[in-house]
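One letter stands for each residue in the lines below.
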Amino acid sequence: MRGLQGAATVSEPVAKQHLAGLTPSDRYALLQFAVPDLRDWLLAVYKAEELSVVPDLKPVYYPDLPEALLSTLKQWEAKNRNRLNARMKLGHDRATSTLRRLMAEPIALARFLVEHGVARWDTMKMSDRVAFAKTRPKRVQQKLRPFIDFVEGRNPFKTERRGRPPKKATSVIKEARQIPILPPDELKARIKDASLRLPDDQYLLYWLVAKLGLTAKKAYGLTLDRVTINQKGKLVIRPADAWIALPKSLAPTMELLARAADSAWPYDEPEKAAPIPVMAAAIPEHRLGTDVFRGETALLRSSAIYAALHEGQLGRKSLAAITGVSLTTIAAMEYMVPADIYSLASHKLVSARNAAILGDGDG
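Residues numbered from 1 in each chain as written. Predicted model: local features only at pLDDT ≥ 70, side-chain atom pairs only at ≥ 80, totals over all residues. Heavy atoms only, no water.

### Focus: the overall build of the protein chain
Helices and strands together make up the secondary structure of the protein chain, namely 19 helices and three strands. The burial tally for the protein chain puts 39% of its 363 residues in the buried class. For the protein chain, restricting intrachain contacts to residue pairs at least 6 apart in sequence, the fraction spanning at least 24 positions comes to 68%. Carbon and sulfur atoms make up 52% of the accessible area of the protein chain, which amounts to about 21,300 Å² in all. (Helix = DSSP H or I, 4+ residues; strand = E, 2+ residues; numbered from the N terminus. Buried < 20%, exposed > 50% of the residue type's maximum accessible area, 1.4 Å probe, protein only. Contact = heavy atoms within 4.5 Å. Areas by Shrake-Rupley, 256 points an atom, 1.4 Å probe, with all protein chains shown as cover.)

Here you go:
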């Protein structure tokens, strides 16, 4: 305010020049403390000179936490602060307390972990997440998902990108990477064997990887906001971007797991529900690879994707939307398919594909 007063004593153009040199948050502060006449003049100048005005976000206060937990929280704070400031500069309205609200649940999770003897994010188990989720209201748990994605190395702000990526000027033909797979008949035999040796809930995990094509991490990490019963009475899941019905032989098992995780399930608005893990009761996460998949998780998943392409059950876009597999991986596998599945698909295969999507079959 003193700086503006000194500039105004010289001339009005100098005062405007002084305002132009301030930060957007300083211009906002002037509005907060100006008397009505000065505030009207400031608003007129801001509009005429097209000067951005952004409120300063309130600082975030942290409890006493181990450095390993605290450093990640501060990285998450910086990421959100930069994103909020960028959006406010573009004209989006945000409350000054927005950043504090975004950090409330991650900080609460960190405090919960410390109270239970966990001092690093990489040692947090699924059971820790389940225990924490049971202490929080459902309406606030959803706010934790982007932070969990951030901790696990995923992009929490990933947006859908349509169309083909632009070609590079210096593009070259590269040899396709050989992807290990099982022949479809051998994969079917493995799935049948798993159905005999595993309990129902563990076989469901096996099926999600070896038949549907999910990663083991995505299958085990399914949460209640991604499991529901649709209007047709079918149990559907959304591992990636699209909902898909489970076969009738597997739906009851998933329903039992979902109700065990929360007796109030299914929800009226699943997308607003808490991200409570569903599969944690089936088996401890550290035993998943050896006991359920026998060390073949990557092989089974790639074989499932290859089988879907080979048998023409799903197009590449549907496969990506359901499983989350990248189009790059699908393109690499299409080189391994012996025929053009899109031009040779029979009516029988189309019917099988539709049955798989609708959950009418048992496979």
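### Comments concerning the confidence of the model for the protein chain
Confidence along the protein chain averages 80 in pLDDT terms, with 79% of residues attaining 70 or more. When mean pLDDT is taken per element in the protein chain, helix H11 (residues 200-212) scores highest with 95 and helix H18 (residues 341-344) scores lowest with 38. Here residues 338-347 scores under 50 on pLDDT; set against residues more than four positions off or in separate chains, the count is ten contacts. (pLDDT = per-residue confidence, 0-100.)

### Details of the nonpolar core
Tyr-206, Leu-208, Ile-237, Met-254 and Met-279 are the most contacted members of the largest nonpolar core, which has 49 residues in total. Elements supplying a minimum of two residues to this core: helix H7 (126-133), helix H10 (184-197), H11, helix H12 (216-220), strand S2 (235-237), helix H13 (251-261), helix H14 (288-292) and helix H15 (297-310). Looking at this core, the element that brings in the most residues is H11, giving nine residues. Look past the residues within four positions of Ile-237 in its chain and what remains in contact with it is Leu-208, Leu-212, Leu-222, Arg-226, Val-227, Ala-242, Trp-243, Ile-244, Leu-246 and Met-254. (Core = buried A, V, L, I, M, F, W, Y, C linked by side-chain atoms within 4.5 Å.)

### Description of the packing of helix H3 (residues 24-33) against helix H4 (residues 36-49)
Relative orientation and spacing of two packed helices are given, respectively, by the angle between their axes and the distance between those axes. At a minimum axis separation of 9 Å, H3 and H4 run at an interaxial angle of 150°. Taken as axis vectors, H3 and H4 run roughly antiparallel relative to one another. Between H3 and H4 lies a crossing of left-handed hand. Residues Arg-27, Leu-30 and Leu-31 of H3 form the contact with H4, whose own contacting residues are Arg-39, Leu-42, Leu-43 and Tyr-46. (Axes fitted to C-alpha atoms, helices over the stretch in contact; angles between N-to-C directions. Parallel < 35°, antiparallel > 145°, perpendicular 65-115°, else oblique. Left-handed = near helix turned anticlockwise from the far one by under 90°.)

### What about the environment of Asn-230?
Relative to the helices and strands, Asn-230 resides in the loop between strand S1 (227-229) and S2. Accessibility expressed as a relative area gives 28% for Asn-230, which makes it partly exposed. When the C-alpha positions of Asn-230 and Ala-245 are compared, they lie 8.9 Å apart, and in sequence the two are 15 residues distant. One polar contact links the side chain of Asn-230 to the main-chain amide nitrogen of Lys-232, over a distance of 3.0 Å. A polar side-chain atom of Asn-230 sits 2.9 Å from the main-chain amide nitrogen of Lys-234. (Polar contact = N/O pair within 3.5 Å; in protein donor to acceptor, adjacent residues only side chain to side chain.)

### Some points on the sheet that holds S2
Strand order in the open sheet formed by three strands is S1-S2-S3, and the pairing between neighbours is antiparallel. Strands with a single pairing partner mark the edges of an open sheet, and in this sheet they are S1 and strand S3 (244-245). Pairing of S2 with S3, which is carried by two bridges, proceeds in the antiparallel orientation. In the strand pairing of S3, Val-236 is matched with Ala-245. (Pairing = 2+ DSSP bridges.)

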